[in-house]
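The chain contents come next:
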Amino acid sequence: MSPNLTIRPAQPEDYPAILALLHEAFETPHEAQTVARMWQVTFPSISLVAEEAGEVVGHIFFTPVTIEGANGAERAMALGPLGVLPGCQGRGAGSALVRAGLAACERLGEEVVFVLGPPRYYKRFGFEPASRYRLHYEDRNMDPFFMVRELHPGGLRGASGTVRYYEELDRSA
Ligand SMILES: CC(C)(COP(=O)(O)OP(=O)(O)OC[C@H]1O[C@@H](n2cnc3c(N)ncnc32)[C@H](O)[C@@H]1OP(=O)(O)O)[C@@H](O)C(=O)NCCC(=O)NCCS
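Residues numbered from 1 in each chain as written. Predicted model: local features only at pLDDT ≥ 70, side-chain atom pairs only at ≥ 80, totals over all residues.

### Details of the packing of helix α1 (residues 15-25) against helix α2 (residues 30-41)
When two helices pack together, their arrangement is captured by the angle between the axes and the distance separating the axes. Orientation of α1 relative to α2, taken along the N-to-C sense of each, is 155°, at an axis distance of 7 Å. With respect to α2, the axis of α1 lies roughly antiparallel. Across the interface between the two elements, Ile18, Leu19, Leu22 and His23 from α1 touch Glu31, Ala32, Val35 and Ala36 from α2. Residues that form the contact of α1 with α2 fall into these classes: six nonpolar, one polar and one charged. (Axes fitted to C-alpha atoms, helices over the stretch in contact; angles between N-to-C directions. Helix = DSSP H or I, 4+ residues; strand = E, 2+ residues; numbered from the N terminus. Parallel < 35°, antiparallel > 145°, perpendicular 65-115°, else oblique. Contact = placed C-beta atoms within 7 Å. Nonpolar A, V, L, I, M, F, W, Y, C, P; charged D, E, K, R; others polar.)

Shown next as structure tokens:
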């Protein structure tokens, strides 16, 4: 990680920079629009920024999810979206945001975190295919990209079922 990089909670004055970076990092405006909507409605949510030389270069967001048919893991969060400015990628900002975000989830008393994203990227943080635990994304076609990580051993406690994201995340923009 670059020595000039700091991770801190996002503040309202960061929002324009966060939305701008999400527009740049992703091919569609969907992620920026989703984050803009979710700020208004979710609690608890975790919103962290990576700052380099006074500039917001990355952002990570976590929102609560529920596991339908769960036997455990009542406290579950979903990671995403995660975005880093294209010109600042590959310098550890994404990893630092993921690690700080997982630690923040743990401090909140969460038990597990889900993510829908590139498995090759998220594997390095201890995420495993969720289907291994009979946990599924609502659209099962997305299961190959749907991963889970316990925040402490036994966090899943045999939980299984369909993971429901916050309704706002699924609403088309
Ligand atoms: C994915 C993303 C957040 C990573 O941020 P970053 O700051 O570049 O990540 P880091 O510097 O911590 O890690 C770089 C490593 O991740 C790998 N990586 C980056 N994007 C990847 C992807 N989509 N799939 C697999 N690996 C990926 C790089 O190859 C590099 O690997 P290495 O450590 O073996 O060299 C960033 O590339 C991004 O914003 N991409 C566009 C948006 C996106 O796809 N977000 C993720 C889905 S929510």
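### Examining the pairing of strand β8 (residues 146-150)
Most of β8 sits out of view: four of its five residues are buried. Relative to β8, strand β5 (residues 112-116) is paired through five bridges, and the arrangement is antiparallel. Bridging from a neighbouring strand, valine 113 pairs with arginine 149 of β8. Bridge analysis of strand β6 (residues 128-129) against β8 gives two bridges, and the strand direction is antiparallel. When the sheet's bridge partners are listed, glutamate 128 is paired in β8 with valine 148. (Buried ≥ 20, exposed ≤ 12 C-beta atoms within 10 Å, placed from the backbone. Pairing = 2+ DSSP bridges.)

### Here we look at the nonpolar core
With 48 residues, the main nonpolar core has Val57, Leu97, Val113, Phe114, Val115 and Met147 as its most contacted residues. Sequence-distant contacts of valine 113, defined by excluding residues within four places in its chain, comprise Met77, Leu79, Leu102, Cys105, Arg149 and Leu151. (Core = buried A, V, L, I, M, F, W, Y, C linked by C-beta atoms within 7 Å.)

### What about the site of the ligand?
Lining the immediate surroundings of the ligand are 18 residues, of which Gln89, Gly94, Ser95, Pro118 and Tyr121 lie closest. Mapped onto the shell around the ligand, the elements with two or more residues apiece are β4 (76-84), α3 (93-107) and α4 (119-122). Top element by residues in the shell around the ligand is β4. It accounts for five residues. Grouping the amino acids of the shell around the ligand by side-chain chemistry returns eight nonpolar, eight polar and two charged. (Near = placed C-beta within 6 Å.)

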